[in-house]
2 protein chains.
Amino acid sequence: MDNYTMLTDFYEITMANGFFNEGYKDTVVYFDMFFRTVPDGGGFAIMAGVEEVIDYLKNLEFTKEDIDFLQKKNMFSEDFLDYLLTFKFSCDVWAIPEGTPIFPGEPILTVRGPAIQAQFIETMILLTVNFQTLIATKANRIVRAADGRAVMEFGARRAQGAYAAVFGARAAFIGGVGGTSNVLTDREFSVPALGTMAHSWVQMFDTEYEAFCAYARNYPDDTTLLIDTYNVLKSGLPNAIKTFDEVLKPMGKRPKGVRIDSGDITYLSKKCRRALDEAGYPDCKIVASNSLDEYIIRDMLVQGAKIDLFGVGERLITSKSNPVMGGVYKLVAIEKEDGTIEPKIKISENVSKITTPCFKQVYRLFDRDTNKAIADVITLHDEEIDADKPYELFDPVYTWKRKQVDNFYARPLLERIFENGKCVYKSPSAGELKTYCKAQLDTLWDELKRFENPHKYYVDLSQDLWQIKNDLLRSVTYADKDI
Amino acid sequence: MDNYTMLTDFYEITMANGFFNEGYKDTVVYFDMFFRTVPDGGGFAIMAGVEEVIDYLKNLEFTKEDIDFLQKKNMFSEDFLDYLLTFKFSCDVWAIPEGTPIFPGEPILTVRGPAIQAQFIETMILLTVNFQTLIATKANRIVRAADGRAVMEFGARRAQGAYAAVFGARAAFIGGVGGTSNVLTDREFSVPALGTMAHSWVQMFDTEYEAFCAYARNYPDDTTLLIDTYNVLKSGLPNAIKTFDEVLKPMGKRPKGVRIDSGDITYLSKKCRRALDEAGYPDCKIVASNSLDEYIIRDMLVQGAKIDLFGVGERLITSKSNPVMGGVYKLVAIEKEDGTIEPKIKISENVSKITTPCFKQVYRLFDRDTNKAIADVITLHDEEIDADKPYELFDPVYTWKRKQVDNFYARPLLERIFENGKCVYKSPSAGELKTYCKAQLDTLWDELKRFENPHKYYVDLSQDLWQIKNDLLRSVTYADKDI
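Residues numbered from 1 in each chain as written. Chains lettered and ligands numbered in written order. Predicted model: local features only at pLDDT ≥ 70, side-chain atom pairs only at ≥ 80, totals over all residues. Heavy atoms only, no water.

## Focus: the domain arrangement of chain A
Residue and element names in this part refer to chain A. Split into domains, chain A comes out as domain 1 (10–135 + 329–482) and domain 2 (136–317). Contact with domain 1, which involves 27 residues of that partner, is made by 28 residues of domain 2. At the boundary of domain 1 with domain 2, total buried surface from both sides reaches about 2200 Å², with 58% on carbon and sulfur atoms. Contact with domain 2 buries surface across domain 1, with I135, K434 and F451 losing the most and accounting together for 34% of the total. Where E98 meets R170, a salt bridge forms, and the shortest distance between an N and an O atom there is 2.8 Å. Taken together, the connections running from domain 1 to domain 2 amount to 16 residue pairs in polar contact (both at pLDDT 80 or more). Of all the secondary-structure elements, those providing two or more residues to the side of domain 1 that touches domain 2 are β2 (45–46), α2 (50–58), α6 (122–146) and α15 (430–441). If one sorts the elements of the side of domain 1 that touches domain 2 by residue count, α15 sits on top with six residues. (Domains from an automatic or database assignment. Contact = heavy atoms within 4.5 Å. Buried area = accessible area lost by both parts, 1.4 Å probe. Salt bridge = Lys/Arg side-chain N within 4 Å of Asp/Glu carboxyl O. Polar contact = N/O pair within 3.5 Å; in protein donor to acceptor, adjacent residues only side chain to side chain. Helix = DSSP H or I, 4+ residues; strand = E, 2+ residues; numbered from the N terminus.)

## Some remarks on the environment of B:I347
Looking at where B:I347 falls in the secondary structure, it is placed in the loop between β13 (341–343) and β14 (360–367). Among the residues examined, B:I347 registers a relative accessible area of 10% and is labelled buried. Spatially, the C-alpha atom of B:I347 lies 38 Å from that of B:A162, the residues being 185 residues apart in sequence. Discounting residues that sit within four places of it in the chain, B:I347 has contacts with A:T229, A:Y230, B:I354, B:L473 and B:V476. (Buried < 20%, exposed > 50% of the residue type's maximum accessible area, 1.4 Å probe, protein only.)

## Focus on helix α12 (residues 265–278) of chain A
Residue and element names in this part refer to chain A. A rise of 1.5 Å per residue sets the reference length of α12, with its 14 residues, at 20 Å; its end C-alpha atoms lie 20 Å apart and thus fit the reference within 8%. Within α12, the full set of buried residues consists of I265, T266, L268, S269, C272, R273 and L276. Down the axis of α12, the sector holding all buried residues measures 155°, keeping them to one side. Looking at α12, the residues exposed on the side facing more than 90 degrees away from the buried face are R274 and E278. For α12, the elements touching its buried residues are α11 (232–251), β9 (257–260), β10 (285–288) and α13 (294–302). With its phi angle positive at about 90°, G280 sits one or two positions after the end of α12. (Expected span 1.5 Å × (residues − 1). Arc of directions from axis to C-beta.)

## Describing the pattern of salt bridges
Residue and element names in this part refer to chain B. What the rule picks out here adds up to 72 salt bridges over all chains. D261 serves as the salt-bridge partner of R259, at 3.8 Å between the closest nitrogen and oxygen. R259 sits in the buried class, given a relative accessible area of 10%. Among the ionic pairs, D376 bridges to R364, the shortest N-O distance being 2.7 Å.

## Details of the relation of the copies chain A and chain B
Structural alignment of chain A on chain B gives an RMSD of 0.0 Å, achieved by rotating through 180° and translating 0.0 Å along the axis. This pairing of chains is accounted for by a two-fold axis. Most of the interface of chain A is mirrored in chain B: 100% of its interface residues are interface residues there too. (Least-squares fit on C-alpha atoms with pLDDT ≥ 70 in both.)

## A word on α15(A)
Residue and element names in this part refer to chain A. Between the first and last C-alpha of α15 there are 16 Å, a value that for twelve residues agrees with the 16 Å anticipated at 1.5 Å per step. Along α15, the residues classified as buried are A430, L433, C437, Q440 and L441. The buried residues of α15 occupy one face: seen down the axis, they fall within an arc of 95°. Of the exposed residues in α15, the ones pointing more than 90 degrees away from its buried face are T435 and K438.

## Some thoughts on the packing of aromatic side chains
Inspection of the entire model under this criterion finds 53 aromatic pairs over all chains. Centre to centre, the rings of A:F244 and A:Y281 are 5.3 Å apart; their planes meet at 70°, and the pair counts as edge-to-face. Here A:Y281 lies in the loop between α12 and β10 and A:F244 lies in helix α11, a separation of 37 residues in the sequence. Per residue, the accessibility class of A:F244 equals that of A:Y281, and both read buried. Through pairs of rings, three or more aromatic residues link up here, namely A:Y4, A:Y163, A:F167, A:F189, B:Y4, B:Y163, B:F167 and B:F189. It is B:R170 that lies over the ring of B:F189; its NZ or CZ is 5.3 Å from the centre. (Phe/Tyr/Trp six-rings, centres within 6.5 Å; stacked < 30°, edge-to-face > 60°. Lys NZ or Arg CZ within 6 Å of the ring centre and 35° of its normal.)

## Points about the packing of helix α6 (residues 122–146) of chain B against helix α7 (residues 162–174) of chain B
Residues and elements named next belong to chain B. Their axes nearest at 8 Å, the elements α6 and α7 cross at an angle of 45°. Judged by the inter-axis angle, α6 sits oblique to α7. Along this stretch, α6 crosses α7, giving a crossing that reads as right-handed. In this structure, α6 uses F131, Q132, I135, A136 and A139 to contact α7, whose residues at the interface are A164, F167, G168, R170, A171 and A172. (Axes fitted to C-alpha atoms, helices over the stretch in contact; angles between N-to-C directions. Parallel < 35°, antiparallel > 145°, perpendicular 65-115°, else oblique. Left-handed = near helix turned anticlockwise from the far one by under 90°.)

## With respect to a nonpolar patch on the surface
Where nonpolar side chains cluster on the molecular surface, the patch consists of A:V397, A:Y398 and A:W400 and spans about 390 Å² of accessible area. Position of A:Y398 relative to the elements: it lies in the loop between β16 (391–394) and β17 (402–405). (Patch = residues over 30% accessible without salt bridge, like charges linked within 9 Å, V, L, I, M, F, W, Y side chains within 5 Å. Areas by Shrake-Rupley, 256 points an atom, 1.4 Å probe, with all protein chains shown as cover.)

## Comments concerning the pairing of strand β1 (residues 28–34) of chain A
Residue and element names in this part refer to chain A. Within β1, seven of the seven residues are buried, leaving the element largely enclosed by the surrounding structure. Burial along β1 is two-sided: V28, Y30, D32 and F34 and V29, F31 and M33, pointing in opposite directions, are all buried. Two elements, β1 and strand β5 (residues 109–114), share six bridges in a ladder whose sense is antiparallel. Counted as the bridge partner of M33 is L109 from β5. In this sheet, strand β12 (residues 328–335) lies alongside β1 in antiparallel orientation, the contact comprising six bridges. Of the residues in β12, the one forming a bridge with M33 is Y329. (Pairing = 2+ DSSP bridges.)

Rendered as structure tokens:
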């Protein structure tokens, strides 16, 4: 299925029909996507999913069959169904580029357009950006834990559906892993796929040694042997070394590695390292897999594990310790017939659920000397930040907490990806996004990169935006008390 | 994409090429899929995903582009790539029907066929059955917690990718939920979709009351109002009742419901119930949503929440408390050239990871009087269980634990879905599977349905199978000690 138009919550359609019948079809509205907390208690998330959002929006179109299906519900007006069949997507969309570190409370994607359309695309935008951002963020944590060692994404078999396997592997690559086991992600996005053998390969032969020899004969330039089918130290390791000696050496080839997929991998890796070194294979890498994540990898390295490459499966591709990214999509403004933009707010007893109204932009302020990110400032969309003057940051809740910034430059983060329904953005390749992400990570202080209790990054509002939000909060609260 | 042939782990292809070059292309092998632990510590899982496995296998085919892509890797022989381009899927496949309760250690899907093919399909089979079984299982837990009240699946926006949203909603329906928010799952699988309004509907109007009136005018037969945009008790509830009185009553219509999506829902539901009853709307249902799962629903009901319908989102569609189903796919036998079947075992230091060899069948034994399931017995594939004679069950580890069963009938669970590459099974509709699942659940004792510390169901081996497994274990262990 290339067309996910019907992948939407039913209420998007009941509301769309209602907007249509109530005369709001062409009312221009603004929606923001944002999230409230970073998965796993981290200091930041990594934006991902924009390319798939673009694909979705480019293919947005109802078929005759879709309309027939909706008609049978006996809930929607004929005029509305005619509109659905013939409408052309005409929204403007802005998004923070994939690979950018993002923070709670800031708009990461903004849609401006006719109420029906802007509302309708909520489900797929959330689904896409939530999942891919979750996996890019998790991947980056795991890569940080591996501390310079290679990490590969091996999770397809435990992914939550085919899309999760394909796009999750892409997101993990943007977040920093070196490649994937998933061949389709390689074909679609040039994310390098690799892999060697399963236990079943070893079982197919009469002995482990025969299985290893056969593999080495077939892939003399790429011999990584899985050594835990029977017993790593008593069988797999000695058979691997024998294969390297008797098959590869006569061909003038060096082994690539051995893989351990079970048991006490830290302990086994040290034993393997020593034996491989002694046998004359100090260049033979040790690959570890089996339910790894950032916490286990950190512990393994603290205990001196001799591992060169981590294959990470289910705990990455599902973000197992925190499998939900709670991004939301909220109405923030409505254009009145006279062209003025009326800000909209969603209040809540729960203060963290109060939205920030208005059509907005996000600026990231960087220190000119260190190139480190100082703060994000959310502004009205057409506000500009003059980097030639000192800029005063203030906490939007504890407003007496203030800090003056100078010697900085400011970069607007939201880039336009659709203009009046036309895509105006060319997605970089996954490899380019990975490189970009790595460079962006370098702009963050190490204190933000801790797994637990990271430093809290400033996400502030401009004075003008803060004023509008506060005025609106007071007026709504006042109205509420009046009831 | 209808063709997920390339969604496979790279090692499936390196092994396939190796099998081809080593002369194992036509060697017939047997693989089993099984799982080792039930998610969330439950007593059983619910099989799902068979229909999507069938679709995958029917569409299994390499394109010229796929072959070109693989050729560029410079790892695979030309003859092998030619084989891939022209091969016809020719495996036999057996699966336990969707909606059946399944237990750790038993084969839930078995593949028999040429080594290359049977190995190659591992990734998609695991991915598909793991995810859908996970969600059907979770849905069933949540439905049990709701204790007869309706449960709807509302999780698309937090699903892990588009497939997870679509097929997860189908799996949840099989597991017992009443419907979904996902329109595409309705169109594809006739799983009823429903939904009414988001907070943005309310925000689009100048007042909450106007928003409610507009909705009631548009959907007088289906008016469920979201009452927590501003304040449930001070604003949403009184405005809803006023709308019922002033818009619906004059039309002779009754309201459908009110929905609460935030705050202390248990407390608010009681207040709403009383107010609605007093206003003359005892038939108006109360819908609750907002990060619910089986534990929260159980607590809400224990505290007397007055809720008629639960909308369950992210914690169902991702199985948040346990987002990975660890099903595996293991080689269990190889047919020798003389036609004999050689059993294969994968041993492990970790006893729970030892596989059960041979081409097998699973029988479920039911008591003739109560129709309750007594035990599952894994047998050799062509063994039959004679229900006219007493049958002796024994624990495969503590073999002195024995129990004689009589007055029973036995049902083989693995049904053939492919014969020599041709699909020979017609998937029931999602609705039929839901009905079947419910009936199967009735065959399980309540002690198995606890959320924590459920009774352990017997999954035993036949005497013949046990003997083969033990002989094999001894021979392998002996060989291992010999090294």
